[in-house]
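Coordinate inspection notes
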Amino acid sequence: MVDLGFLLITFFIFTATMKSPTTMDLNMPKETDQKDETKIKQSGALTILLGKDDHVYYYEGELTQENASTVFKSSTFKDIRTEIINKKKRSLRSCA
């Protein structure tokens, strides 16, 4: 019985050490600069700002000092919903 135990121990030691471990390669993403990152399409952006007395201010695209007076618009909570829906419809039409 002792001989059988030593044979089993010897067998498991040899089989455990002869098998080399297998690993999976891990592909990491390449490092990029901040300027290379994907920017959101300015025409698809709608920025909404909340104000006092149920006023909502919004603008489409990028807001700069030059175009602030023309693109900055005022609305109410009820009207901003329709503006968001219309913006979504326009963006879906442009994608199709």
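In what follows, the accompanying structure is described. (Residues numbered from 1 in each chain as written. Predicted model: local features only at pLDDT ≥ 70, side-chain atom pairs only at ≥ 80, totals over all residues. Heavy atoms only, no water.)

Some details on the overall build of the protein
Scanning the protein from terminus to terminus reveals 3 helices and 3 strands. Start at the N end of the protein and walk to the C end: the helices and strands fall as α-β-β-α-β-α. Put simply, 21% of the contacts in the protein that link residues at least 6 apart link residues at least 24 apart. When the accessible area of the protein is evaluated, it comes to approximately 9200 Å², of which 59% is carbon and sulfur surface. (Helix = DSSP H or I, 4+ residues; strand = E, 2+ residues; numbered from the N terminus. Contact = heavy atoms within 4.5 Å. Areas by Shrake-Rupley, 256 points an atom, 1.4 Å probe, with all protein chains shown as cover.)

Some thoughts on the sheet that holds strand 2 (residues 55–60)
The strand order 1-2-3 describes an open sheet built from 3 strands, whose pairing is antiparallel. The two strands at the open ends of the sheet, each matched to only one other strand, are strand 1 (46–50) and strand 3 (73–76). Pairwise comparison of adjacent strand axes, ignoring direction, gives a mean angle of 30° for this sheet. Both strand 2 and strand 3 contribute to a ladder of 4 bridges, which runs antiparallel. Paired with tyrosine 57 across the bridge in strand 3 is serine 74. (Pairing = 2+ DSSP bridges. Axes fitted to C-alpha atoms, helices over the stretch in contact; angles between N-to-C directions.)

As for the packing of aromatic side chains
Taken as a whole and assessed by the stated rule, the structure comprises 3 aromatic pairs. Arranged with centres 6.0 Å apart and planes meeting at 15°, the rings of tyrosine 57 and phenylalanine 72 form a pair that is stacked. Placement of tyrosine 57 in strand 2 and of phenylalanine 72 in the loop between helix 2 (68–71) and strand 3 is noted, with a sequence separation of 15 residues between them. Taking the relative accessible area as the measure of exposure, phenylalanine 72 reaches 35% and is therefore partly exposed. Note on tyrosine 59 and phenylalanine 72: the rings are 6.0 Å apart at their centroids and 25° apart in plane angle, and the pair reads as stacked. Of this pair, tyrosine 59 sits in strand 2 while phenylalanine 72 is found in the loop between helix 2 and strand 3, placing the two residues 13 residues apart along the sequence. (Phe/Tyr/Trp six-rings, centres within 6.5 Å; stacked < 30°, edge-to-face > 60°. Buried < 20%, exposed > 50% of the residue type's maximum accessible area, 1.4 Å probe, protein only.)

Side note on the pairing of strand 1
As paired elements, strand 1 and strand 2 share 5 bridges and run antiparallel to each other. When the bridges of strand 2 are listed, leucine 50 appears paired with valine 56. Taken together, strand 1 and the strand that follows it, strand 2, pair antiparallel across an intervening segment of 4 residues, in which aspartate 53 is found at a positive phi of about 55°.

Topic: the pattern of salt bridges
Going through the model one piece at a time under the given rule, you end up with 3 salt bridges. The residue lysine 87 makes a salt bridge to glutamate 60 at a minimum N-O spacing of 3.0 Å. Within this pair, whereas lysine 87 is found in helix 3 (residues 77–95), its partner glutamate 60 is found in strand 2, the two being separated by 27 residues in sequence. Residue lysine 87 is classed as buried on the basis of its relative accessible area, which comes to 11%. In this structure, the salt-bridge partner of arginine 90 is glutamate 83, at a minimum N-O distance of 3.5 Å. A residue is classified by how much of its surface remains accessible, and arginine 90, at 35% relative accessible area, is partly exposed. For glutamate 83, a relative accessible area of 15% corresponds to the buried category. Several salt bridges share partner residues, and in doing so they unite Glu60, Glu83, Lys87 and Arg90 into one network. (Salt bridge = Lys/Arg side-chain N within 4 Å of Asp/Glu carboxyl O.)

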